There are 2 protein chains.
Amino acid sequence: MAQPAPRRRDAAATREALLQAARHLLAERGATQTTTRDIAAEVGVNQALINRYFGSKESLFVEAVRGGGASVSELIATSPIEHLPEGILREVLDASASGRGSSALLAGVVNNDTITEIIREMVEDTFTRGLGDRLGGDDAGLRAELLNALVVGIAVMREKIGSQALRAADFDDLAKYVRRMAVPLLADD
Amino acid sequence: MAQPAPRRRDAAATREALLQAARHLLAERGATQTTTRDIAAEVGVNQALINRYFGSKESLFVEAVRGGGASVSELIATSPIEHLPEGILREVLDASASGRGSSALLAGVVNNDTITEIIREMVEDTFTRGLGDRLGGDDAGLRAELLNALVVGIAVMREKIGSQALRAADFDDLAKYVRRMAVPLLADD
DNA sequence: GAGCTAAGTCAACAGCTGATTACATAGACC
DNA sequence: GGTCTATGTAATCAGCTGTTGACTTAGCTC
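This one's a predicted model, so the numbers in the text were calculated from it and none came from an experiment.

A. Highlighting the interface of chain B and chain A. Taken together, the contacts link 47 residues of chain B with 46 residues of chain A. Counting every contact that joins chain B to chain A gives 0 salt bridges. The set of elements that each furnish at least two residues to the side of chain B that touches chain A consists of α1 (11-29), α8 (113-135), α9 (140-161), α10 (164-168) and α11 (171-186) of chain B. Looking at the side of chain B that touches chain A element by element, the count peaks at 15 residues for α9 of chain B.

B. Spotlight on the relation of the copies chain B and chain A. Once turned by 180 degrees and shifted 0.0 Å along the axis, chain B lies on chain A with an RMSD of 0.1 Å. What we have between these two chains is a two-fold relation. The residues that chain B uses at the interface reappear at the interface of chain A in 98% of cases, marking a shared surface.

C. Molecular detail of the protein's contact with DNA strand C. With respect to spatial proximity, 25 residues lie near DNA strand C, and among them N46 and Y53 of chain A together with T36, Q47 and K57 of chain B are the closest. Restricting the count to atoms of DNA strand C within 4 Å of the protein gives a sugar and phosphate share of 54%. Take R9 of chain A: an N or O atom from its side chain is 3.0 Å from a base nitrogen of DNA strand C. Within the side chain of Q47 of chain B, one N or O atom sits 2.5 Å away from a base nitrogen of DNA strand C. Counting residues per element, the surface near DNA strand C draws most heavily on helix α3 (residues 48-54) of chain A, at 4 residues.

D. Expanded view of the domain arrangement of chain A. Residue and element names in this part refer to chain A. Assigned domains of chain A: these are domain 1 (11-64) and domain 2 (67-186). The gap between the C-alpha centroids of domain 1 and domain 2 is 25 Å. Listed as interface residues are 13 residues of domain 1 and, on the opposing side, 12 residues of domain 2. In this assembly, domain 1 packs against domain 2 so that about 970 Å² is buried in total across both faces, 63% of it on carbon and sulfur atoms. Inspection of the domain 1/domain 2 interface yields 0 salt bridges. Only α1 (11-29) and α4 (57-66) provide two or more residues apiece to the side of domain 1 that touches domain 2. Top contributing element to the side of domain 1 that touches domain 2 by residue count: α1, with 6 residues.

E. Representation of unusual backbone geometry. The backbone of D139 of chain A sits at a positive phi, close to 55 degrees, despite the residue not being glycine. When you line up the elements, D139 of chain A lands in the loop between α8 (113-135) and α9 (140-161).

F. Region of interest: the protein's contact with DNA strand D. Lining the immediate environment of DNA strand D, one finds 24 residues, of which Q47 and K57 of chain A together with R9, N46 and Y53 of chain B sit closest. The sugar and phosphate moieties of DNA strand D supply 51% of its atoms located within 4 Å of the protein. Backbone polar atom of T36 of chain A to a phosphate oxygen of DNA strand D: 2.8 Å apart, as the coordinates give it. R52 of chain B places a polar side-chain atom, nitrogen or oxygen, 2.9 Å from a base oxygen of DNA strand D. The residue inventory of the surface near DNA strand D, partitioned by class, reads 6 nonpolar, 9 polar and 9 charged.

The rules we used
Residues numbered from 1 in each chain as written. Chains lettered and ligands numbered in written order. Predicted model: local features only at pLDDT ≥ 70, side-chain atom pairs only at ≥ 80, totals over all residues. Heavy atoms only, no water. Contact = heavy atoms within 4.5 Å. Salt bridge = Lys/Arg side-chain N within 4 Å of Asp/Glu carboxyl O. Helix = DSSP H or I, 4+ residues; strand = E, 2+ residues; numbered from the N terminus. Least-squares fit on C-alpha atoms with pLDDT ≥ 70 in both. Near = heavy atom within 4 Å. Polar contact = N/O pair within 3.5 Å; in protein donor to acceptor, adjacent residues only side chain to side chain. Domains from an automatic or database assignment. Buried area = accessible area lost by both parts, 1.4 Å probe. Nonpolar A, V, L, I, M, F, W, Y, C, P; charged D, E, K, R; others polar.

Set out below in structure tokens:
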């Protein structure tokens, strides 16, 4: 991967590189199928550094997951509500394609109690409360979580299972249907 | 299937019990976090029987996954289209709650190439073609896969992540919103 | 350039996992 | 009752995994 700092020894840069590799492999394979040796190899360092810098493999994953999801959260706070379905879809699919960790993508991958709990908290902050408060009306939290579930389902079926039509569709087509499905959620009646 | 006499030695019954335990643990923990010893312990037999009856752990999982999904497929073929969103949702959530393997639930759990490929084929048969043909119109396959994605996303967020509002909602509330979201998919304009 | 500290490597560990082999026995058949 | 085979167990193997501690070395300070 790209090594921005040309310095041979740079603890901060190495730490960050390990986090990025962890996010990438976590999204691609999941926690249990990613070994510390895999992560270290992607960065080009020795696996022992993971324990030196993070204490354990799980702590590395926890920190890697905590770093994700911020962009969706910001989008929900700032974007006009009618643009949210398309915006969230784009953000999640982009995060998935570029290998960045996203709570939505990880949802389909993780089977670790600690990481699952972190994702649950992030979803609650971002959707149940964050989007729910903006939506208002009956079942605001439920409606917000349903929008999240739709986008998560699309990401999982595209990236993990490889559903044909979902993969073949270009983004605008996909966004068109997502907008239509989301309309009943955005209305607060 | 009929469970005959409580014989102490019954290869067919033992084989079936191993398949059931495999489906249960596969849905609960995923493939990599389920060991042959776990599966055998749930049945109460020695782990060596897995290799005797199925050749390998992976072959057991493949056979276990192939057995699931039939009920959704039948539903799609026989139920009136307007009842499908609620029906599929119920079927997937029931399968998830009872620990039966369902392609939708497994989608959130599996990180094994062979199993993923089987699920992809099942989704294609059941939704892309099965439901797509019934829907007709533009993007029929895509619209069918989007309904699947919605239900999969709901199942994953409920069972794997534990999203609060999705778990707290009773089925009728959930079904109400799913129906509303699915309306734009069922129409063929 | 000598010395020190942080950054990184190396080798080995203990535990777990899937698989294999040799062995034990229930239960049908004669 | 004796025998034979399918059914099941126990012990073990080889490979992988996360973690650890001892060692090496780059690069700054004086």
